Structures are given as C-alpha cells and as structure tokens.
Amino acid sequence: MVYRKRKIYVGQKEFIDLAPLIKKYKDEKFLLPNTDQLNADVPQTLNSLKVDWIQGIFYKTVMSDLSDLKDVYYDVLAFFSPTGIKSLFKNFPDFKQNNTRIAVFGTTTQKEALDSGLRVDIMAPTPETPSMTGALEKYIIEANKAK
C-alpha cells in the first residue's frame with residue numbers, strides 16, 4: 001500500500017513474514033517504528049537480511065501504579081506483554097494466584113508468566129483461538145460445561 005509515495009507493508013502474523021518483502025527492496029532504507037521493548041528477534045532478522053535500517057521508538061512502555069487495587073480480586077487477569085507480568089509483581093510483590101485464572105497473549109508473555117511462577121490457564125493466539133477474546137470465550141464455555 002502506498003501513502004503519499006511511501007511504501008507501507010504489513011505482515012501476516014510475525015515479523016519474519018516480512019522477510020521476502022524486505023529482501024525484494026534490500027537496497028532501500030528501512031524505518032522500524034516500535035516500542036522501547038523491542039523483541040530481540042526483530043533486529044536479528046533485519047541484520048541477517050543485511051539491509052540498511054534504523055529503529056524509531058514511537059512509544060515507551062511504563063508500569064502504572066495499581067496499589068489502590070490491593071484488596072480487589074479478579075476471576076481472570078489477562079496479560080498481553082511480559083511487561084504486564086512484571087507490573088503485576090512490582091505493584092503486588094506478594095501476589096498469590098490461588099483461584100485467579102491467568103490469560104496470556106503470545107509466547108514471550110507466556111514465558112514471563114511461567115518464569116514468574118504463575119499457572120497459565122488461557123493461552124492465545126492458538127490455531128483455534130487466534131484472539132484473546134476467542135480464547136476467553138472458549139475457556140468460559142469449557143468451564144461452564146464442567147460445572
């Protein structure tokens with residue numbers, strides 16, 4: 001797609017999906033707009049393709065102060081990045097999962113949850129549930145059948 005003479009391409013699911021397009025235009029200069037929490041495989045992929053690229057940090061990930069939620073308990077906590085897991089333990093260092101279900105989006109978030117001692121109950125994306133909404137819906141339906 002072209003925006004005012006700029007070529008903008010979108011991959012299917014993962015960054016590596018853009019590799020054929022990047023190779024096609026290997027003599028161009030690439031701007032990588034992203035967060036300060038860049039996944040390590042992205043620069044590795046770009047460097048392995050031997051292209052001229054520069055990183056543009058367009059937003060910064062920060063942890064919110066959630067200490068006012070100290071006495072609030074949830075059935076499900078959903079996390080979309082490893083930073084979310086880190087924020088949970090920064091705000092609530094003594095957090096115990098007990099009966100709270102943990103939903104995670106992506107393998108890096110899942111790894112952070114497991115490394116932090118959490119039990120992952122709901123995972124997305126999967127082939128049958130590509131969205132968090134779908135994964136939560138599937139879990140709720142299965143949980144209600146078990147009752």
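Trainee: Requested: an account of the overall build of the protein, with residues and values cited.
Mentor: Looking only at helices and strands, the protein features five helices and seven strands. Mapped from its N terminus to its C terminus, the protein presents α and β elements in the order β-β-α-β-α-β-β-α-β-α-β-α. For 147 residues, the compact-globule estimate of 2.2 N^0.38 gives 15 Å, and the C-alpha radius of gyration of the protein, at 19 Å, exceeds that figure by more than 25%. Considering only C-alpha atoms, the protein reaches an extent of 60 × 35 × 30 Å along its principal axes. Partitioning the contacts of the protein with sequence separation of at least 6, the portion at a separation of at least 24 is 46%. Total accessible area on the protein is roughly 11000 Å²; 54% of this is exposed by carbon and sulfur atoms. Side chains of the protein give 21 positive and 18 negative charges; the mean places of these two sets differ by 7 Å.

Trainee: Describe the side chain of Thr83, naming the residues involved and giving the relevant values.
Mentor: Following the sequence through the fold, Thr83 ends up in helix H3 (residues 82-91). For Thr83, a relative accessible area of 11% translates into the label buried. Residues within four places of Thr83 in sequence aside, it is in contact with Gln37, Thr61 and Met63.

Trainee: Can you break down the pairing of strand E6 (residues 101-105) residue by residue, with the values?
Mentor: Here strand E5 (residues 76-79) pairs with E6 via four bridges, running parallel. Note on E6: the bridge partner recorded for Ala78 is Ala103. In terms of strand pairing, E6 meets strand E7 (residues 120-124) through four bridges, oriented parallel. Its bridge partner being in E7, Val104 is matched across the sheet by Met123. Crossover handedness for the path E6 to helix H4 (residues 107-115) to E7: right-handed.

Trainee: Lay out the layout of surface pockets in plain terms, naming residues and giving numbers.
Mentor: Of the voids in this model, the largest pocket is the one considered here, and its volume is about 1700 Å³. Lining the largest pocket are 41 residues, and of these Glu14, Phe15, Leu32, Leu38 and Val42 lie nearest its centre. Residue assignment for the lining of the largest pocket shows that the elements contributing at least two residues are strand E2 (6-7), helix H1 (19-24), strand E3 (29-35), helix H2 (41-48), H3, H4 and E7. The biggest single contributor to the lining of the largest pocket is E3, with seven residues. For the lining of the largest pocket, the residue count by class is 21 nonpolar, eleven polar and nine charged. Approximately 620 Å³ is the volume found for the second largest pocket. Along the walls of the second largest pocket sit 22 residues, with Val72, Leu77, Leu88, Phe92 and Phe95 positioned nearest its centre. If you list the elements that add at least two residues to the lining of the second largest pocket, you get E5 and H3. Among the elements that take part in the lining of the second largest pocket, H3 stands out by supplying four residues, more than any other.

What counts and how
- Residues numbered from 1 in each chain as written.
- Predicted model: local features only at pLDDT ≥ 70, side-chain atom pairs only at ≥ 80, totals over all residues.
- Heavy atoms only, no water.
- Helix = DSSP H or I, 4+ residues; strand = E, 2+ residues; numbered from the N terminus.
- Rg over C-alpha atoms; globule rule 2.2 N^0.38 Å.
- Contact = heavy atoms within 4.5 Å.
- Areas by Shrake-Rupley, 256 points an atom, 1.4 Å probe, with all protein chains shown as cover.
- Lys, Arg positive; Asp, Glu negative; His and termini not counted.
- Charge placed at Lys NZ, Arg CZ, Asp CG, Glu CD.
- Buried < 20%, exposed > 50% of the residue type's maximum accessible area, 1.4 Å probe, protein only.
- Pairing = 2+ DSSP bridges.
- Right-handed = clockwise from strand over helix to strand, strands pointing away.
- 1 Å grid on protein atoms, 1.4 Å probe; cavity = no way out; pocket = protein on both sides within 12 Å on 5 of 7 lines; lining within 4 Å.
- Points joined across faces, edges and corners; volume = space filled by probe spheres on them.
- Nonpolar A, V, L, I, M, F, W, Y, C, P; charged D, E, K, R; others polar.

Interpretation in functional terms is not warranted from these geometric data alone.
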